[in-house]
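Examination of the molecular architecture
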Amino acid sequence: MYTAHPDRYAEMPYRRTGRSGLKLPALSLGLWHNFGPDRPAETQRAILRRAFDLGITHFDLANNYGPPPGAAEAALGEFLRTEFASYRDELIVSTKAGYLMWPGPYGEWGSRKYLLSSLDQSLKRLGLDYVDVFYSHRFDPQTPLEETMGALHSAVQQGKALYVGVSNYSAEQTREAARILAGLGTPLLIHQPRYSMLDRRPEDEGVLDALDELQVGSIAYSPLEQGLLTGRYLDGIPEDSRAASDSPFLNRDAVTEDLVARLRALDDIAKSRGQTLAQLALAWVLRGGRVTSALVGASSARQVEDSVAAIGNLDFDAEELARIDEVVNP
């Protein structure tokens, strides 16, 4: 029987999410990869245990995470039952719906039919009565936003979610979603954008400004840019890496000589701060407090430990930020 570390809350910073009463750990664990039947259960168990022991109280999923779709929720559901049942009220469990989950016209996007059906399926896989946060995973251009936000509101009214969020929405879509939800009486808690040193669209396209204006929280996914910012690519493409596989998210063509040179320069900055490249990347996303939490994935407990070590130095001086900007956008 698993017993959590008694000092699990000693080091991890917890940040208030927008203007809500909910605090999230600076680092959250994303179960996008590495949680499914293709990974040893012992490895998955070790990752979850080590994350919680280090103060990571938030486990983030979506209906289609796996592979296959649904596998990550089912895996976490088993561990919630066997490992974390007594710690449920110390955990934040989030899930999403929006991308393709099952065939036919009701298996993706943002209709009320799809969102609420998907949430019911997610709760069964997780073995939970409710999730803490339920997201619209992407904006649906063919469904009225009032319907999509109304479905999120219904999830809260039905007691199946405590809070709601959006992911991959533009600044204006986020503003409109927040307006609709406020009118219904269910505040928009959080936005989950893709954000890293190498992908600054939330800054450039005004998403972070909109969240500041709305007092809505943010949680960044892919802060390590699909592994590019982990240091694995400083000498090219390892044969066992994501870029060397048939992954649709990162391929060989993306790892150019110019990119490798920039990664090496960023690694030099990280070393000057006493950090790994991955720790630098996480610290950069969390700098200044604009981002509530950064989502990290892990294929081992050791990777969790390496990520959490980033919280030891989240401050940057102006010179360091300028050097990073010069490397990324010469």
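If you're wondering where the values come from, they're calculated on a predicted model, not measured in any experiment.

Let us now look at the packing of helix α3 (residues 112–126) against helix α4 (residues 145–157). Between α3 and α4, the least distance of the axes is 9 Å, while the angle of their chain directions is 30°. With respect to each other, α3 and α4 are oriented roughly parallel. As α3 packs across α4, the resulting crossing turns out to be right-handed. Listed contacts from α4 to R112, L115, L116 and L119 of α3 are E147, T148, G150, A151, S154 and A155. Here the residues of the contact of α3 with α4 sort into five nonpolar, three polar and two charged.

Here we come to helix α11 (residues 318–328). Along α11, the residues classified as buried are E320, I324, V327 and V328. Buried residues of α11, viewed axially, fall in a sector of 95°; they line one side. Those residues of α11 that are exposed and angled more than 90 degrees off the buried face are A318, E319 and E326. In this fold, the buried residues of α11 make contact with α8 (257–272) and α9 (277–286).

As a further point, take the nonpolar core. Formed by 94 residues in total, the largest nonpolar core has its most connected members in L27 and L266. Of all the elements, α9 adds the most residues to this core, at nine residues. Membership of the second largest hydrophobic core comes to ten residues, among which are L24, I92, I219 and Y221.

The next thing to look at is the pairing of strand β8 (residues 188–192). Counting buried positions over the five residues of β8 gives five, a clear majority of the element. Pairing between strand β7 (residues 161–167) and β8: four bridges, direction parallel. Considered in β8, the bridge of S167 is made with Q192. For the crossover from β7 across helix α5 (residues 171–184) to β8, the handedness is right-handed.

This paragraph deals with the pairing of strand β3 (residues 27–30). Neither face of β3 is open: one carries L27 and L29, the other S28 and G30, and all of them are buried. Pairing of β3 with strand β10 (residues 293–296) involves three bridges; the strand directions are parallel. Looking at the pairing, S28 lines up with L295 of β10. The pairing of β3 with strand β4 (residues 58–60) spans two bridges and is parallel. Across the sheet, L29 pairs through a bridge with F59, a residue of β4. The parallel pair β3 and β4 is bridged by helix α1 (residues 41–53), and the resulting crossover is right-handed.

Quick look at the packing of α4 against α5 now. For any two helices packed against each other, the geometry is given by the interaxial angle and the distance between the axes. Where α4 meets α5, the closest approach of the two axes is 9 Å, and the angle between their N-to-C directions is 55°. On the basis of the axis angle, α4 is oblique to α5. α4 and α5 meet at a crossing whose hand is right-handed. Contact residues: α4 offers L145, E146, M149, G150 and H153, while α5 offers Q173, E176, A177, R179, I180, L181 and L184. A breakdown of the residues in the contact of α4 with α5 according to their chemical character gives six nonpolar, three polar and three charged.

Cut-offs and rules
- Sequence positions are assigned chain by chain, starting from 1 and proceeding in written order.
- Totals for whole chains, interfaces and linings use all residues, but because this is a predicted model, local features are given only for residues with pLDDT of at least 70 and pairs of side-chain atoms are given and counted only at 80 or more.
- Hydrogen atoms and water are omitted, and side-chain values are computed over all heavy atoms in the structure.
- Angular values range over 0 to 180 degrees, each being the angle between N-to-C directions of two axes fitted as lines to C-alpha atoms, with helices fitted over their stretch in contact.
- In this text, helices come from DSSP runs of H or I with a minimum length of four residues, and strands from runs of E with a minimum of two, each type numbered from the N-terminal end.
- Any angle that falls under 35 degrees is termed roughly parallel, while one over 145 is termed roughly antiparallel, one within 65 to 115 roughly perpendicular, and all others oblique.
- With the far helix as reference, a near helix turned anticlockwise by less than a right angle produces a left-handed crossing, and one turned clockwise produces a right-handed crossing.
- Here, residues are in contact when the closest pair of their heavy atoms is within 4.5 Å.
- Side-chain classes are defined by residue name, with Ala, Val, Leu, Ile, Met, Phe, Trp, Tyr, Cys and Pro counting as nonpolar, Asp, Glu, Lys and Arg as charged, and the others, Gly among them, as polar.
- Throughout this description, buried means an accessible area under 20% of the type-specific maximum (1.4 Å probe, protein chains only), exposed means over 50%, and partly exposed covers the range between.
- Arc definition: directions from the helix axis to the C-beta atoms.
- The term nonpolar core refers to a set of buried residues drawn from Ala, Val, Leu, Ile, Met, Phe, Trp, Tyr and Cys, joined through side-chain atoms within 4.5 Å.
- A strand pair is defined by DSSP finding two or more bridges across the two strands.
- For the handedness criterion, the strands are oriented away from the viewer, and a crossover whose path from the first strand over the helix to the second runs clockwise is classed as right-handed.

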